[in-house]
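Single-letter residue listing:
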Amino acid sequence: MTRIRAGRPEDVPAVLELLDDAVAWLVSLGRTDQWGTRPLSANPRRVALTEEQARDGELHLAVDGDLVVGVLGVGGATEYVPPAVEPELYVRLLVTRRAYAAKGVGSFLLDHARRLARERGVGLLRVDCFASEDRALVGYYERQGFTATDRFEVTLASGQVWQGQVLAQRLG
Ligand SMILES: CC(C)(COP(=O)(O)OP(=O)(O)OC[C@H]1O[C@@H](n2cnc3c(N)ncnc32)[C@H](O)[C@@H]1OP(=O)(O)O)[C@@H](O)C(=O)NCCC(=O)NCCS
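Going by an unreviewed UniProt entry, the chain carries the name GCN5 family N-acetyltransferase and comes from Paractinoplanes rishiriensis.

Asker: Give me the lowdown on the site of the ligand, citing residues and values where you can.
Answerer: Around the ligand there are 20 residues in total, and Gln34, Leu94, Thr96, Ala102 and Tyr140 lie nearest to it. Gln34 is positioned such that a nitrogen or oxygen atom in its side chain is 2.6 Å from a nitrogen atom of the ligand. Between an oxygen atom of the ligand and a side-chain N or O atom of Tyr140, the distance comes to 2.7 Å. Elements with a contribution of two residues or more to the shell around the ligand: helix H1 (12-28), strand S4 (89-96), helix H3 (105-119), strand S5 (124-130) and helix H4 (136-143). When residues in the shell around the ligand are grouped by element, the largest group, four residues, is from H4. Looking at side-chain class alone, the shell around the ligand contains 13 nonpolar, four polar and three charged residues.

Asker: Just give me the short version of the UniProt feature "domain: N-acetyltransferase" (unreviewed entry) in the chain, but keep the residues and values in it.
Answerer: In the numbering used here, UniProt assigns the "domain: N-acetyltransferase" (unreviewed entry) feature to residues 2-172. This span, residues 2-172, is 30% helix and 32% strand, and a straight line between its end C-alpha atoms measures 26 Å.

Asker: How would you sum up the pairing of S5? Please name residues and give values.
Answerer: Successive residues of a regular strand alternate their side chains across the two faces of the sheet. Counting buried positions over the seven residues of S5 gives seven, a clear majority of the element. Pairing geometry for S4 and S5, over three bridges, is parallel. Across the sheet, Tyr90 pairs through a bridge with Arg126, a residue of S5. Handedness of the crossover is the feature at issue here: the chain leaves S4, passes through H3, returns alongside S5, and the resulting connection is right-handed. Of the pairings in the sheet, the one linking S5 to strand S7 (residues 161-170) comprises seven bridges and is antiparallel in character. When the bridges of S7 are listed, Arg126 appears paired with Ala168.

Asker: Could you give an account of the packing of aromatic side chains, with specific residues and numbers?
Answerer: This model, assessed by the stated rule, comprises five aromatic pairs. Considering the side-chain rings of Tyr140 and Tyr141, the 5.3 Å spacing of their centres and the 75 degrees angle between planes classify their relative orientation as edge-to-face. Judged by its relative accessible area of 23%, Tyr140 is partly exposed. Relative to Trp162, the ring of Phe152 has its centre 6.2 Å away and its plane inclined at 35 degrees; by these criteria the two rings are tilted.

What counts and how
Residues numbered from 1 in each chain as written. Predicted model: local features only at pLDDT ≥ 70, side-chain atom pairs only at ≥ 80, totals over all residues. Heavy atoms only, no water. Near = heavy atom within 4 Å. Polar contact = N/O pair within 3.5 Å; in protein donor to acceptor, adjacent residues only side chain to side chain. Helix = DSSP H or I, 4+ residues; strand = E, 2+ residues; numbered from the N terminus. Nonpolar A, V, L, I, M, F, W, Y, C, P; charged D, E, K, R; others polar. UniProt positions renumbered as here; feature names shortened; annotations may be inferred. Buried < 20%, exposed > 50% of the residue type's maximum accessible area, 1.4 Å probe, protein only. Pairing = 2+ DSSP bridges. Right-handed = clockwise from strand over helix to strand, strands pointing away. Phe/Tyr/Trp six-rings, centres within 6.5 Å; stacked < 30°, edge-to-face > 60°.

Listed below in structure tokens is the structure:
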């Protein structure tokens with residue numbers, strides 16, 4: 001039975017473990033352009049960001065008993081996307097445990113994001129994701145009720161140009 005609880009600083013290793021599993025899964029599919037090929041737990045910037053999100057109360061965990069099966073990170077928009085023209089909640093991180101794929105954990109966490117937004121009196125939920133040519137993730141968020149809005153590009157330190165897509169959902 002999955003429930004949601006607040007993420008705490010001591011949950012950071014479990015969050016990084018899910019991220020590492022996701023990278024390994026993406027690599028196994030040949031989808032190396034989204035999050036690269038190396039464990040994100042080996043990236044000091046990612047570790048520091050996760051610690052900061054946990055400290056700031058921005059992480060929300062789906063748990064099955066004691067097992068973390070999904071993570072939602074919320075906050076303000078990332079600096080590389082066009083700012084919203086109204087108050088919003090931004091999904092900064094969404095990842096689920098591979099063994100729990102296709103069980104609705106992602107939808108469950110996005111429902112929680114909508115709930116958080118409403119509690120904060122905010123009428124707009126946005127997210128961004130990797131815009132692969134086959135639009136796999138974009139399509140996932142569209143099926144979750146989001147509408148694709150702005151495209152953007154980020155030039156990574158490696159010189160690779162990362163293609164991104166912002167999606168938005170208006171909350172009633
Ligand atoms: C995206 C995610 C949170 C959705 O979780 P979920 O609601 O439990 O859904 P599932 O894991 O069953 O995935 C749903 C579909 O999206 C696809 N998908 C998920 N992440 C994908 C990705 N990064 N790239 C391409 N396809 C992806 C899955 O293969 C699945 O496709 P299918 O329905 O054809 O089998 C989860 O799949 C995940 O952690 N993905 C890897 C990390 C990631 O990309 N997070 C989003 C960053 S914006």
